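# Coordinates in review
These are the residues of each chain, in order.
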Amino acid sequence: DAMVIQNPRYQVTQFGKPVTLSCSQTLNHNVMYWYQQKSSQAPKLLFHYYDKDFNNEADTPDNFQSRRPNTSFCFLDIRSPGLGDAAMYLCATSPGLAGEQFFGPGTRLTVL
Amino acid sequence: EDKVVQSPLSLVVHEGDTVTLNCSYEVTNFRSLLWYKQEKKAPTFLFMLTSSGIEKKSGRLSSILDKKELFSILNITATQTGDSAIYLCAPLNAGNMLTFGGGTRLMVKP
């Protein structure tokens with residue numbers, strides 16, 4: 001089945017230790033998004049790729065970076081995680097920019 | 001700045017009740033509005049609304065958009081415990097990005 005896959009589902013890291021979250025899709029969608037969702041809050045868009053074009057949201061901290069080596073994969077790198085970065089990180093895809101987004105199951109990040 | 005307000009923040013009902021969830025928005029160059037259901041995992045898509053006054057239905061769920069008054073409602077009839085979730089509305093804005101509201105947490109008791 002076509003789907004959006006995120007690995008790992010749960011990630012524990014230490015304060016300041018870099019971490020990489022992975023997203024892959026079999027939908028062949030052009031657009032891939034990364035959202036951060038903290039407890040009891042709405043998902044907040046961090047950035048998105050339209051094909052290889054990277055688009056950063058204005059208020060996304062520099063601590064967050066992303067890579068999209070090919071259509072199927074997109075990575076979220078957190079260079080120096082702080083306690084405030086503990087959250088669910090959701091990856092989503094869409095065929096274009098103006099329609100439904102398909103979400104992966106998320107990676108729950110814990111920072112010790 | 002785009003703004004999305006959902007109400008109520010939370011709601012507790014009993015099985016069989018009907019609920020109405022509200023979403024008001026102020027979005028630059030609005031294109032459409034999406035509703036998602038989120039349980040203990042990622043949001044799952046419910047509806048996308050683009051035109052005013054046209055109700056979309058899926059089983060016991062229905063939704064409608066009013067582009068003049070800038071709001072949408074999501075109705076759930078004959079609620080079941082499986083409807084317990086957070087319901088998120090998300091307008092698509094000028095940059096073709098979704099802006100999520102804070103959600104309505106619905107709990108359906110047996």
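Quick summary incoming for the structure in this document. (Residues numbered from 1 in each chain as written. Chains lettered and ligands numbered in written order. Predicted model: local features only at pLDDT ≥ 70, side-chain atom pairs only at ≥ 80, totals over all residues. Heavy atoms only, no water.)

It is worth spelling out the overall build of chain B at this point. Within chain B one finds 0 helices and 10 strands. The linear arrangement of helices and strands in chain B, starting from the amino end, is β-β-β-β-β-β-β-β-β-β. Against the 2.2 N^0.38 benchmark of 13 Å for 110 residues, chain B shows a C-alpha radius of gyration of 13 Å, consistent with a compact globule. Taken along its principal axes, the extent of the C-alpha atoms in chain B is 40 × 25 × 20 Å. Within chain B, the fraction of its 110 residues that count as buried is 45%. (Helix = DSSP H or I, 4+ residues; strand = E, 2+ residues; numbered from the N terminus. Rg over C-alpha atoms; globule rule 2.2 N^0.38 Å. Buried < 20%, exposed > 50% of the residue type's maximum accessible area, 1.4 Å probe, protein only.)

It is worth spelling out the overall build of chain A at this point. For chain A, the helix and strand inventory stands at 0 helices and 11 strands. Listed by position from the N terminus, the elements making up chain A come as β-β-β-β-β-β-β-β-β-β-β. Relative to the compact-globule value of 13 Å for 112 residues, chain A shows a C-alpha radius of gyration of 13 Å, a close match. In terms of overall dimensions, chain A has C-alpha extents of about 35 × 30 × 30 Å along its principal axes. Within chain A, the fraction of its 112 residues that count as buried is 47%.

With that settled, consider the environment of A:Asn7. All names here are of chain A. Looking at the element boundaries, Asn7 is found in strand 1 (residues 4-7). In this structure, the C-alpha to C-alpha distance between Asn7 and Leu90, residues 83 residues apart in sequence, is 11 Å. Other than its neighbours up to four places away in sequence, Asn7 contacts Leu21, Ser22 and Thr107. (Contact = heavy atoms within 4.5 Å.)

The next thing to look at is the interface of chain B and chain A. Each side of the interface is counted separately: chain B has 18 residues, and chain A has 18 residues. Each partner contributes to the roughly 1400 Å² buried at the junction of chain B and chain A, and carbon and sulfur atoms together form 65% of this total. Of all residues in chain B, B:Ala42, B:Met97 and B:Phe100 give up the largest surface area on contact with chain A, accounting jointly for 33% of the area buried on that side. Counting every contact that joins chain B to chain A gives 0 salt bridges. Our count for the chain B to chain A interface comes out at 2 residue pairs in polar contact (both at pLDDT 80 or more). At the level of elements, strand 4 (32-38), strand 5 (44-49) and strand 9 (85-92) of chain B are the ones that each hand at least two residues to the side of chain B that touches chain A. Here the side of chain B that touches chain A takes 4 residues from strand 4 of chain B, the largest share from any one element. Taken together, the residues of the side of chain B that touches chain A break down into 11 nonpolar, 5 polar and 2 charged. (Buried area = accessible area lost by both parts, 1.4 Å probe. Salt bridge = Lys/Arg side-chain N within 4 Å of Asp/Glu carboxyl O. Polar contact = N/O pair within 3.5 Å; in protein donor to acceptor, adjacent residues only side chain to side chain. Nonpolar A, V, L, I, M, F, W, Y, C, P; charged D, E, K, R; others polar.)

The next thing to look at is the pairing of strand 3 (residues 19-26) of chain B. Residues and elements named next belong to chain B. Of the two faces of strand 3, the one lined by Val19, Leu21, Cys23 and Tyr25 is fully buried and the one lined by Thr20, Asn22, Ser24 and Glu26 carries no buried residue. Pairing between strand 1 (residues 3-7) and strand 3: 5 bridges, direction antiparallel. Directly across from Ser7, in strand 3, lies its bridge partner Asn22. Where strand 3 and strand 8 (residues 71-76) come together, 6 bridges link them in antiparallel fashion. Opposite Thr20, over in strand 8, you have Asn75 as the bridge partner. (Pairing = 2+ DSSP bridges.)

One pass over the structure, following the stated rule, counts 3 salt bridges over all chains. With a closest N to O distance of 2.7 Å, A:Arg67 and A:Asp77 form a salt bridge. One end of the pair, A:Arg67, is in strand 7 (residues 64-67); the other, A:Asp77, is in strand 8 (residues 73-78), and 10 residues separate them in sequence. You can call A:Arg67 partly exposed: its relative accessible area is 40%. On the accessibility criterion, A:Asp77 (13% relative accessible area) is buried. The closest approach of N and O atoms between B:Asp83 and B:Arg60, which form a salt bridge, is 2.8 Å. In this pair, B:Asp83 sits in the loop between strand 8 and strand 9 while B:Arg60 sits in the loop between strand 6 (56-58) and strand 7 (61-66), placing the two residues 23 residues apart along the sequence.

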